[in-house]
Amino acid sequence: MRGDPPPSGLLHPIALAAIALLIVNDHLLKARYPGWLTGKLSDVAGMVFFPLLLRALIVPILRLRSDLHPGRELRERLLIACVALTALLLAAIKLAEPATAACEQLLGALLGGRVEIVRDPTDLLALPFVLVAPWIARRAERRAAADRFVLV
Amino acid sequence: MRRQWAERLVIVIAALASLATSPGWWVVQATLPPPPPDKAMAVMVEASREPEVWIEDGRGGQKRLAPTVAARSPGAPAATPTWPGEGRYLVPAGARLQRVEIRERCKLKLCGGKCKPPDTEYVRVTSATAVDAWTAQARSSPVTTVLDTSKPLPRYRAVIKSSRLPVTFEVEGAPDGFTPSIWPGASGHLTELRVAWFASNPQAPPATVTWTARATIQGECPGPAACAVPEGEAVQIMAVEEEAPDAR
């Protein structure tokens, strides 16, 4: 019995708002109001929730291995790695043509058809928002720990 | 328990939202003709909707061409109200035709259904002929800029008036360690561009550089021989002005 998995932080209102913003912006706002702002909103939204999503997808894989039960320290390291990886991915996709092309091909293969990603270095303005993710994750873990303490 | 299920649901939604950031496109591409040696090329394109004709300008840049003439070809089906069915494009000397294509955004289908073009859509290059072309050029007054990596690097707005598109825009006089990045803006009778300086070497010492902007347009000569710039065809650099840092 391994108990409940730790919260990912994806249920935090800011993370939920970021996911909703990404969906609305990509499928509604970008088409209706193409421009500088809508070009940045999705990047900002992605920076906020993508590290949390990445960690939430990796933690169950780690839990499958009995010798790698992710404790608090490992989850924290994983969080930092996911934040760094998210920031690096955005920077690579927005700056390096091969990274953009690889991402376009991957998404195109998954979705069927051609996907285009605009390579715009000014999208890197979204990078600082990646720091919101660890703040959300730590807050969610503190909150879960406090709830457990109250229950005990 | 409820939290776990809610979290799983959000993970699935977030993963799908991250993948399906934008619906895919279907694309039909025309087979490209071989480039003529050192000459401009007039290309006729037939398509079921307005095609995108892209060139590589010979300096690593990409440009989309506008048709010099667009006309309905006899018996051409399915032309749209804004596209008569056939267009003529001039690929300037030194440039290379990169792609000729039509495209349309697909409706997002996450659970099946490939994004494929309808059978009625087509695009083809019907002829490609080497032609003589005239060239009109304009240069700006020299601009003196202090480039210092310890401070925000300057950005300029250039306004070009031209009788036709595309306008090729270049910066002459970039020093070692600094690169001008040219961003296209509004395009039409007046073309607006932004020139931002970047340090390709962050350790580059401060430099005072005097640079010049050059704008070029090209057009097809009416006959088989070389020709002068026709009356009414001109390009002019109206302004190259530094933008205030708070305008960025």
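Residues numbered from 1 in each chain as written. Chains lettered and ligands numbered in written order. Predicted model: local features only at pLDDT ≥ 70, side-chain atom pairs only at ≥ 80, totals over all residues. Heavy atoms only, no water.

### Some points on the overall build of chain A
In terms of regular secondary structure, chain A is built from 5 helices and 0 strands. The order of helices and strands in chain A, counted from the N terminus, is α-α-α-α-α. Expressed as a percentage of its 152 residues, the buried residues of chain A come to 39%. Within chain A, contacts between residues separated by at least 24 positions form 73% of all contacts whose residues are at least 6 apart in sequence. In the form shown here, chain A has an accessible surface area of approximately 8,700 Å², with 68% of it arising from carbon and sulfur atoms. (Helix = DSSP H or I, 4+ residues; strand = E, 2+ residues; numbered from the N terminus. Buried < 20%, exposed > 50% of the residue type's maximum accessible area, 1.4 Å probe, protein only. Contact = heavy atoms within 4.5 Å. Areas by Shrake-Rupley, 256 points an atom, 1.4 Å probe, with all protein chains shown as cover.)

### Thoughts on the overall build of chain B
Looking only at helices and strands, chain B has 1 helix and 16 strands in total. The buried share of chain B, taken over its 248 residues, is 43%. Taking the intrachain contacts of chain B between residues at least 6 apart in sequence as the baseline, contacts between residues at least 24 apart amount to 78%. With the model as given, the accessible surface of chain B reaches about 13,400 Å², and the carbon-plus-sulfur share is 54%.

### Regarding the nonpolar core
Residue and element names in this part refer to chain B. Core analysis: the biggest nonpolar cluster contains 25 residues, and Ile 160, Phe 169, Val 195, Trp 197, Trp 211 and Val 235 have the highest contact counts within it. Breaking this core down by element, the ones donating at least two residues are strand E9 (133–139), strand E10 (143–147), strand E11 (155–162), strand E12 (168–172), strand E14 (190–199), strand E15 (207–220) and strand E16 (235–242). Of all the elements, E15 adds the most residues to this core, at 5 residues. Ignoring sequence-local partners within four residues, the contact set of Ile 160 consists of Val 167, Phe 169, His 189, Leu 190, Thr 191, Leu 193, Ala 215, Val 235, Gln 236, Ile 237 and Met 238. (Core = buried A, V, L, I, M, F, W, Y, C linked by side-chain atoms within 4.5 Å.)

### Concerning the packing of helix H1 (residues 13–32) of chain A against helix H2 (residues 36–64) of chain A
All names here are of chain A. With their axes 8 Å apart at the nearest point, H1 and H2 run at an angle of 145° to one another. The two elements H1 and H2 meet at a crossing, and its hand is left-handed. Where H1 approaches H2, its residues Ile 14, Ala 15, Ala 18, Ile 19, Leu 21, Leu 22, Asn 25, Asp 26, Leu 29 and Lys 30 are matched on the opposing element by Thr 38, Leu 41, Ser 42, Ala 45, Val 48, Phe 49 and Leu 52. Residue composition of the contact of H1 with H2, grouped by class: 12 nonpolar, 3 polar and 2 charged. (Axes fitted to C-alpha atoms, helices over the stretch in contact; angles between N-to-C directions. Left-handed = near helix turned anticlockwise from the far one by under 90°. Nonpolar A, V, L, I, M, F, W, Y, C, P; charged D, E, K, R; others polar.)

### Brief notes about the side chain of Glu101(B)
Mapped onto the elements, Glu101(B) comes out in strand E7 (residues 96–105). A polar side-chain atom of Glu101(B) sits 2.7 Å from a polar atom in the side chain of Arg103(B). (Polar contact = N/O pair within 3.5 Å; in protein donor to acceptor, adjacent residues only side chain to side chain.)

### Some details on the pattern of salt bridges
All names here are of chain A. For the structure shown, the criterion picks out 24 salt bridges over all chains. Among the ionic pairs, Asp 43 bridges to Lys 94, the shortest N-O distance being 3.8 Å. Taken together, the positions of Asp 43 in helix H2 and Lys 94 in helix H3 (residues 72–95) put the pair 51 residues apart, joining distant regions of the chain. Just as Asp 43 is buried, Lys 94 falls in that class too. The partner of Arg 55 in a salt bridge is Glu 141, with the nearest N and O atoms 3.4 Å apart. Residue Arg 55 is found in helix H2, and its partner Glu 141 is found in helix H5 (residues 132–151); the two are separated by 86 residues along the sequence. (Salt bridge = Lys/Arg side-chain N within 4 Å of Asp/Glu carboxyl O.)

### Re the packing of H1(A) against helix H1 (residues 2–19) of chain B
Look at H1(A) against H1(B): their axes get within 10 Å of each other, and the N-to-C directions meet at 35°. When the axes of H1(A) and H1(B) are compared, the crossing they make is left-handed. Here Leu16(A), Ile19(A), Leu22(A) and Ile23(A) of H1(A) come into contact with H1(B), specifically with Val10(B), Ile13(B), Ala14(B), Ala17(B) and Ser18(B). Its residues assigned to classes, the contact of H1(A) with H1(B) shows 8 nonpolar, 1 polar and no charged.

### What about the sheet that holds E16(B)?
All names here are of chain B. Strand order in the open sheet made by the 4 strands is E13-E14-E11-E16, with antiparallel pairing throughout. With partners counted over all chains shown, the strands left at the sheet margins are strand E13 (178–184) and E16, one partner each. Pairwise comparison of adjacent strand axes, ignoring direction, gives a mean angle of 25° for this sheet. When E11 meets E14, the two strands line up antiparallel, connected through 7 bridges. If you follow Ile 160 over to E14, its bridge partner there is Thr 191. (Pairing = 2+ DSSP bridges.)

### A few points about the packing of aromatic side chains
Residue and element names in this part refer to chain B. As enumerated under the stated definition, the model contains 2 aromatic pairs over all chains in all. Consider the rings of Tyr 156 and Trp 211, whose centres lie 5.1 Å apart with planes at 80°: the pair is edge-to-face. In this pair, Tyr 156 sits in strand E11 while Trp 211 sits in strand E15, placing the two residues 55 residues apart along the sequence. Since its relative accessible area comes to 0%, Trp 211 is described here as buried. The interplanar angle of 65° and the centroid separation of 5.8 Å between the aromatic rings of Trp 197 and Trp 211 together place this pair among those described as edge-to-face. Of this pair, Trp 197 sits in strand E14 while Trp 211 sits in strand E15; the two residues are 14 residues apart in sequence, bridging distant segments of the chain. With a relative accessible area of 2%, Trp 197 lands in the buried category. (Phe/Tyr/Trp six-rings, centres within 6.5 Å; stacked < 30°, edge-to-face > 60°.)

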